[in-house]
Amino acid sequence: MDFAYDARTQELRERLLAFMDEHVYPAEPVLREQSEALTDPWRTPRIIHDLKAKARTRGLWNLFLPDERYGAGLTNLQYAPLAEITGRSPQLAPAALNCAAPDTGNMELLAEFGDDDQRKRWLEPLLAGEIRSAFAMTEPEVASSDATNIETRIARDGADYVVSGRKWFISGAMNEDCRILIVMGKTDPDGADVRRQQSMVLVPRDTPGVEVRRGMRVYGYDDGHHGGHAEVVFHDVRVPASNLVGEEGGGFAIAQARLGPGRIHHCMRLIGMAERAIELMCVRATSRTAFGRPIAAQGVVRNWIADARVTVEQLRLLVLKTAWLMDTVGNRGAHTEIQAIKIATPRAVVDILDKAVQLHGAGGVSQDFPLAELWAHARTLRLADGPDEVHQRSLARRELRKYA
Ligand SMILES: Cc1cc2nc3c(=O)[nH]c(=O)nc-3n(C[C@H](O)[C@H](O)[C@H](O)COP(=O)(O)OP(=O)(O)OC[C@H]3O[C@@H](n4cnc5c(N)ncnc54)[C@H](O)[C@@H]3O)c2cc1C
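For the structure given in this document, a descriptive report is provided here.

Definitions and cut-offs
Residues numbered from 1 in each chain as written. Predicted model: local features only at pLDDT ≥ 70, side-chain atom pairs only at ≥ 80, totals over all residues. Heavy atoms only, no water. Helix = DSSP H or I, 4+ residues; strand = E, 2+ residues; numbered from the N terminus. Expected span 1.5 Å × (residues − 1). Buried < 20%, exposed > 50% of the residue type's maximum accessible area, 1.4 Å probe, protein only. Arc of directions from axis to C-beta. Contact = heavy atoms within 4.5 Å. Salt bridge = Lys/Arg side-chain N within 4 Å of Asp/Glu carboxyl O.

### Considering helix α11 (residues 388–401)
- Helix length check: α11, at 14 residues, gives a terminal C-alpha distance of 20 Å against a target of 20 Å (1.5 Å per residue), a fit within 8%.
- The complete set of buried residues in α11 reads Asp388, His391, Ser394, Leu395 and Arg398. Buried residues in α11, looked at end-on, bunch into an arc of 140 degrees, giving them a common side. Relative to its buried face, α11 has exposed residues pointing more than 90 degrees away, namely Glu389, Arg393, Leu400 and Arg401.
- Structurally, α11 contributes buried residues whose contacts are with α7 (251–287) and α9 (335–359).

### Notes on the side chain of His265
- Tracing the sequence through the fold places His265 in helix α7.
- Discounting chain neighbours no more than four positions away, the residues touching His265 are Phe64, Tyr79 and Glu108.

### A few points about unusual backbone geometry
- Of note, the amide linkage connecting Ala101 to Pro102 takes the cis form, showing an omega dihedral of 0 degrees.
- Its location among the elements puts Pro102 in the loop between α4 (93–96) and α5 (103–113).
- You will see that Asn62, though not glycine, has its phi angle at about 50 degrees, which is positive.
- Judged by its relative accessible area of 4%, Asn62 is buried.
- Its identity as a non-glycine residue notwithstanding, Phe291 has a phi of 55 degrees, on the positive side.
- Tracing the chain through its elements places Phe291 in the loop between β9 (289–290) and β10 (293–294).
- Here Phe291 falls in the exposed class, since its relative accessible area comes to 85%.

### Examining the pattern of salt bridges
- Enumeration according to the criterion identifies 29 salt bridges in this entry.
- Between Arg43 and Glu176 there is a salt bridge, with the nearest N and O atoms lying 3.3 Å from each other. Placement of Arg43 in the loop between α1 (7–37) and α2 (46–57) and of Glu176 in the loop between β3 (160–171) and β4 (178–186) is noted, with a sequence separation of 133 residues between them.
- Arg43 sits in the partly exposed class, given a relative accessible area of 40%.
- One salt bridge connects Lys402 with Glu399, and the closest N-O pair in it is separated by 3.0 Å.
- One connected set of salt bridges, linked through shared partners, spans Glu141, Arg166, Glu211, Arg213, Arg214 and Glu231.

### Topic: the environment of Trp324
- Note that Trp324 resides in helix α8 (residues 299–333).
- Separated by 244 residues in the primary sequence, Trp324 and Ala80 place their C-alpha atoms 9.7 Å from one another.
- With near-sequence residues (within four places) excluded, Trp324 lies in contact with Met1 and Leu77.

Distances and angles like these do not, on their own, reveal function.
Below is the structure:
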């Protein structure tokens, strides 16, 4: 593994760093103002459209997609340092570059498993940043970290599928720009193989019977800039059978394939969030005095800063190793490392952000610094895309198998 950036990554890094300084950081207070002024909190604030147009003209677009027929054609190792930079401003930068979840995973899914018609109708406008999308798997009634529990029914009826069920925490689905939902449900609920019972269908958000019921709050935030997290009820929603993604019974395998890259992208951005927290800690600690000394002179504060630096360097190396493995042996070959970073990164970054909040006093929990929102976002990543404990269970099982 080579730690030096290659020429293309270096060039994109410089372009992205300039874009962050010139456009993204100055847009943070604008985003807050525009979001607060919206009557519908889930509409896309104007500033995000403006940033998208600017990023696109600078060639900072669809960097996440390794398939060069559709995206920038970067390897995971090339994309990692770029995603890290976008994580420094996670409300704005990933969306500006058309590199925000859940659209990224949905575009990957359509690129890999969609047919020509599905790609034309949904992938192309997603790649152009004209529409957004959502991925609907989790259900309030069942423990959804175990996908075999999913109860939504996708029943074949003549030339159609009929979808019925209730989902929640469907990211992006509150936003009117979200036009398409990729819905996971059971086509064969009594099938002998529990991993072949599920399928995925494409459900346009405006199909009769789709009820976007409410936006779920996350530690009190509506995550409006992100399109919220919707509760969605499917009342016997009828779509043509051609909306099936892949084959019947293939939903479980597609979901697994979709989540690998998504998990490493989250971890890359989390490292950027941690770097931002360290920077804010250092600025604050050197600019305020308590009990006659700069806060930076306190041993406990120095320990927080030192430990945060050590942790970030460790995490980054593990994330880069994982990216390199994904590029060289594939997502399956990097399974253990993908789980390791998904376990290690969110909880370590939550801890760093917690220290940064503490160091900022009351300001840390307020809207005047990005820390409270960053903390809430990082904390959710101990649940989203699989809770820590589910990854620990699976990683431990593979480790123990060596001794069985
Ligand atoms: C901000 C946010 C955005 C999200 N976006 C989406 C989205 O776009 N689409 C979507 O479909 N879902 C989304 N989710 C849902 C997320 O994927 C689920 O919350 C997650 O998979 C866990 O499912 P659950 O909430 O049903 O928890 P459950 O399955 O009920 O699990 C609850 C807890 O039980 C424990 N547990 C479960 N299994 C084990 C085990 N084997 N060993 C030990 N402990 C265990 C864990 O502590 C776990 O956290 C989002 C969630 C959040 C918070």
